[in-house]
Amino acid sequence: MATSAGAPDLSDPAIRRRVKRRAVVASTVGTTIEWYDFFLYNTAAALVFGPLFFNSTSSGGVLLAFSTQFVGFAARPIGAAVFGHYGDRIGRKYSLIVTLLLMGGATVLIGLLPTYATIGVWAPILLTLLRVVQGIGVGGEWGGSVLMSMEWGTRRQRGLMAAWPQVGVPIGLALGTGVVYFFSGPGFLAGGWRWPFIASIVLIGIGLFVRLTVLESPAFAALRTRGAVVKMPLVDTLRDQWRDVLKAMFVRTAEQAPFYLFTSFVLVYGTEHLKLGRSDLLLYLVYAALVGIVSVPFFGWLSDKLGRRLVYGTGAVLTGLYAFPYFALLDTRVGGIVLLGMILGLVFHDMMYGPQAALIAESFGTGVRYTGAGLGYQLASITAGGPAPLIAAAILAATGTYFWIAIYIIACAVITLIALAFMHPRPPDEDDEHSEEGAPVPVMTGESARLGDGPVAQS
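Along every chain, residues carry numbers that run from 1 in the direction the sequence is written. Totals for whole chains, interfaces and linings use every residue, but because this is a predicted model, local features are given only for residues with pLDDT of at least 70 and side-chain atom pairs only at 80 or more, for both listing and counting. To get the side-chain values, all heavy atoms of the structure are used, and hydrogens and water are removed first.

**Q** What am I meant to see in the overall build of the protein chain here?
**A** Think of it this way: any DSSP run of H or I at least four residues long counts as a helix, any run of E at least two long counts as a strand, and we number them from the N terminus. Along the backbone of the protein chain there are 23 helices and zero strands. Burial classes: relative accessible area under 20% of the type maximum marks a residue as buried, over 50% as exposed, and values in between as partly exposed (1.4 Å probe, protein chains only). For the protein chain, the proportion of its 459 residues judged to be buried stands at 61%. Contact criterion: two residues are considered in contact whenever any of their non-hydrogen atoms come within 4.5 Å of each other. Restricting to contacts in the protein chain with at least 6 residues of sequence separation, those with at least 24 account for 85%. Surface accessibility in these figures is a Shrake-Rupley result with a 1.4 Å probe; residues are shielded only by whichever protein chains are displayed. As presented, the protein chain carries roughly 16,100 Å² of accessible surface, and 70% of it is formed by carbon and sulfur atoms.

**Q** Just checking my understanding: could you explain helix H15 (residues 253-273) for this structure?
**A** One turn of an α-helix holds 3.6 residues; hence residues three or four places apart share an orientation. The terminal C-alpha atoms of H15, which comprises 21 residues, lie only 26 Å apart, well short of the 30 Å expected from a rise of 1.5 Å per residue. Bending of H15 peaks at approximately 50 degrees at the position of Phe 265. Taking burial as the measure, the 21 residues of H15 include 19 buried ones, the bulk of the element. At the C-terminal side of H15, Lys 275 shows a positive phi close to 60 degrees. A helix is expected to reach a length of 1.5 Å times the quantity of its residues less one. To obtain the bend at a residue, axes are fitted to the seven residues ending there and to the seven starting there, and the angle between these axes is taken.

**Q** Would you mind showing me how to read a positive patch on the surface here?
**A** Together, Arg 17, Arg 18, Arg 21 and Arg 22 make up a positively charged patch on the protein surface. Here Arg 18 shows up in helix H1 (residues 13-47). Surface patches are defined over residues having more than 30% relative accessible area and no salt bridge, joining like charges when they lie within 9 Å and nonpolar side chains (Val, Leu, Ile, Met, Phe, Trp, Tyr) when within 5 Å. Only one rule defines a salt bridge in this text: a Lys or Arg side-chain nitrogen within 4 Å of an Asp or Glu carboxyl oxygen. Positive residues here are Lys and Arg, negative ones are Asp and Glu, while His and the chain termini are left out of the count. Where a charge lies is defined by one atom per residue type, namely NZ (Lys), CZ (Arg), CG (Asp) and CD (Glu).

**Q** What exactly am I supposed to notice about the nonpolar core here?
**A** Here, nonpolar core means buried Ala, Val, Leu, Ile, Met, Phe, Trp, Tyr and Cys residues that are tied together by side-chain atoms lying within 4.5 Å of each other. Ranked by size, the top nonpolar core spans 116 residues in total, and within it Phe 49, Phe 265 and Phe 327 carry the most contacts. Here this core gets 16 residues from one element, more than from any other, and that element is H1. With residues near it in sequence (within four places) discarded, Phe 327 still touches Phe 265, Tyr 269, Tyr 402, Ile 405, Ala 406 and Ile 409. Judged by nonpolar contacts, the second largest core, of ten residues, contains Ala 254, Tyr 312, Leu 359 and Ala 419.

**Q** I'm lost on the pattern of salt bridges in this one. Help?
**A** Note on pairing: side chains with opposite charge can pair once their charged atoms come close. A full pass over the atoms with the stated rule returns eight salt bridges. The residue Arg 211 makes a salt bridge to Glu 141 at a minimum N-O spacing of 2.5 Å. Of the two residues, Arg 211 sits in helix H11 (residues 200-212) while Glu 141 sits in helix H6 (residues 122-150), which places them 70 residues apart along the sequence. Glu 141 matches Arg 211 in its accessibility class, with the two residues each being buried. The salt bridge partner of Arg 308 is Glu 362, with a shortest N-O separation of 3.0 Å. You can see Arg 308 sitting in helix H17 (residues 308-321) and its partner Glu 362 sitting in the loop between helix H19 (335-361) and helix H20 (369-385), a full 54 residues away along the chain.

Structural data, given as structure tokens:
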């Protein structure tokens, strides 16, 4: 069957599968680049920014560096609201292109920033402003990338399809940490730390190329065909589904807060408290992150078989139970055991992160899904992810022990389990009939997609 304006014939199963794979690749590549940028900052905050931008090598300098990290988290809900609005109004694709440019551009500029020794107090001010831009970019990225992938899948594979963009987190973590490890020689503080940030410009080019070739989400295209695009998605979401936004925010607590302890604070705890080698810890973190490339999609797939809440809840329980053993394994200072501890922490995290995208997205209808899911997801950055390294660093500085940090992880698990008990995602067949294999799907391409006009109808 031919289509107008050169649009692919999605009634052909082979063509549809090819277009679907392209959407998954575009989403995963994009999130990999975004999270590479974001985690690069986290690693530098733990190792570099204290002495270079805040003129302090003490624990106070680390706290100030983690404070700028938190600013980026605080900006993420702004990105979710802004890009969620446009993603639900004009489509997922072009919102994702802008978020990629924002995130990548800010990262490159951080690599070029003069330090405190050169421009004084302007160094931390500019660093903080660029972190805000990073936060806005990544805040708008998640909802669009997850939906671009998930909405191309069938109702039976939402967990797996939505998990593929989530794989960008472990890949981005491994890539960012690995690049820092590569440059972490004697000249690291003198300027070697800059190159991982500047190298982001190459990734931006790759990401733009991939995203410009992908088609719009079929769910959004079908919505526009029916004339059902929501005019004010943010207003409608906050008026009608604010409870679902809060549930999404709280259900992430056990996933996000411990994650930033396992990936960022661990570098401070390991180097300053346990006196472990920085390079060794970075390498262990790369190995642990690589496991997530398999475990994240696996647990997303498993949630399609066993149910989102069962898999997610199991991950939350195991994370809480693991709080004290995690630090006990680190405290052995034995390389293999420390590595095991870091891997297990991220595997338990992945049990939640794999099914999380579908769990949250299914709480919202297609018309407000970018806004609602993105906002709920990113608000957890303020309540969980952002403060976690700050809280842990402050506890360690005050007590010199991990006891209350472990209690904090357990409390996070309890909050997640309570929120999960109240979550009731809508059945996929309520709004997913258009995404079955072989179903006719309107496609937005070319000028009509760019301007936000109606989809190109099949003929």
